[in-house]
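# Survey of secondary and tertiary structure
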Amino acid sequence: MAPEQATKVSGDGYLAGSLMHEIAHNLGPAYARQNGRQVEINEAIGPAYAGLEEAKADTVGMYGMKWLVDHDAMPKERLEEDYASYVGGLFRTLRFGTAEAHGRAEMMEFNYLVENGALSHAAGRYRIDYARMPGAIATLAKELLQMEATGDRARTEAWFQKYNAMSAEFEECARYSGRYPGGHPAEFFVSGEAPMKQLCSFFLAAIAAAQSPAHQAARHDRGGRLGVSTTRSPRATTSAAPAPIAPDGSSTTAS
Ligand SMILES: [Zn+2]
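Residues numbered from 1 in each chain as written. Predicted model: local features only at pLDDT ≥ 70, side-chain atom pairs only at ≥ 80, totals over all residues.

### Thoughts on the confidence of the model for the protein
When pLDDT is low, close inspection of the predicted coordinates is not appropriate. Let me state the cut-off plainly: One confidence number per residue, pLDDT, is output by the predictor and ranges from 0 to 100. Each helix is a run of H or I in the DSSP string that is no shorter than four residues. Each strand is a run of E no shorter than two, and both are numbered from the N terminus. Throughout, a residue-residue contact means that the two C-beta atoms, derived from backbone geometry, are no farther apart than 7 Å.
Across the protein, the average pLDDT comes to 78, with 68% of residues at or above 70. Averaged over each element, pLDDT in the protein is lowest for helix 12 (residues 234-237) (41) and highest for helix 7 (residues 133-150) (98). With pLDDT under 50 throughout, residues 179-195 is counted as low confidence; its partners more than four residues away or in other chains account for ten contacts. In the model, residues 215-245 has pLDDT below 50 throughout and makes 70 contacts with residues more than four positions away in sequence or in other chains.

Right under this line is the structure:
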């Protein structure tokens, strides 16, 4: 990555992206709809499903991150750090190859971001276009959610086929960053213990809300809108963290 962007990659940013990824696994369509019938998404999609679901979690998670910032639930100043950490994470995962679902997903995401100008390559480095990142993430999330909602196997397979290839530029960069074979250098993880704790309590509350029975019911609503539950679970209610986020962006205190 461009050096001044690489310095923004942080443990907090990586943690935030990982937590949003896990939350996002629980968001989106609960089943596919085909010819008026409900079908299991994984059965409809077949072998490509694992990669599709991991890519959905990444992109819906990053979409959610921007949404939280836009709704003043996360500080705006963190967003570049979060995007840089997400891209740093793509490099990290892809050094382990594209054979399993996370690698397949992230190769596709990377190539899509390059195609849409959110990432560009020059002089042996990749650079993030922060202004283009939200739009590219949003259109990719929409595409992947539609694949799941329709259970469209041919569309999914064609999509991953299209964005599957590792470019020569990328390979060169991945080799260069391979000097940290076990992951990121140690100093990567030491910054900001207090913000990290705040972030954890916020996300734990959001996860608890997402896992509440009320949310399970909400996911099956016809509206199928994205978002963390509007109703807090008992665990989340006892937390001092900010209130969970409603799907429509309305105020979120429990009813
Ligand atoms: Zn995952």
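### Looking at unusual backbone geometry
Positive phi is not limited to glycine here, since N35 has a value of about 50 degrees. One can find N35 in the loop between strand 1 (32-34) and strand 2 (37-39).

### Considerations on the environment of E81
Residue placement: E81 occurs in helix 5 (residues 79-94). Residue contacts for E81: discarding those within four places in its chain leaves K8, S10 and G13.

### Digging into the nonpolar core
Worth spelling out the cut-off: In this description, a nonpolar core means buried residues of the types Ala, Val, Leu, Ile, Met, Phe, Trp, Tyr and Cys, linked to one another by C-beta atoms lying within 7 Å. Exposure is read from a count of other C-beta atoms within 10 Å of each residue's own; the residue is exposed at 12 or fewer, buried at 20 or more and partly exposed in between. C-beta atoms are placed from the backbone.
Of all hydrophobic cores here, the largest spans 48 residues; its most connected members are M20, L52, V87, I128, A136 and I137. Mapped by element, the contributors of at least two residues to this core are helix 2 (11-25), helix 3 (41-45), helix 4 (49-70), helix 5, helix 6 (101-115), strand 4 (125-128) and helix 7. Broken down by element, the residue count for this core peaks at ten residues, all from helix 4. Those residues in contact with M20 that lie beyond four places of it in its chain are G61, M62, G64 and M65.

### Brief notes about the packing of helix 2 against helix 5
Quick note on the threshold: Only the contacting stretch of a helix is used when fitting its axis, a line to C-alpha atoms as for every element, and angles between N-to-C directions run 0 to 180 degrees. Angles are sorted into four bins: roughly parallel if under 35 degrees, roughly antiparallel if over 145, roughly perpendicular if 65 to 115, and oblique for all others. Amino acids outside the nonpolar list (Ala, Val, Leu, Ile, Met, Phe, Trp, Tyr, Cys, Pro) and the charged list (Asp, Glu, Lys, Arg) are all regarded as polar, and Gly is one of them.
The geometry of helix 2 relative to helix 5 is characterised by a closest axis approach of 8 Å and an angle of 80 degrees between their N-to-C directions. Taken together, the axes of helix 2 and helix 5 are roughly perpendicular relative to one another. Judged by residue contacts, G13, Y14, A16 and G17 of helix 2 engage E81, D82, A84, S85, Y86 and G89 from helix 5. Its residues placed into classes, the contact of helix 2 with helix 5 shows four nonpolar, four polar and two charged.

### Concerning the pairing of strand 3 (residues 119-122)
Spelled out, the test is: At least two bridges found by DSSP between two strands are what make those strands a pair.
The pairing of strand 3 with strand 4 spans four bridges and is antiparallel. Across the sheet, residue A122 finds its bridge partner in strand 4, namely R125.

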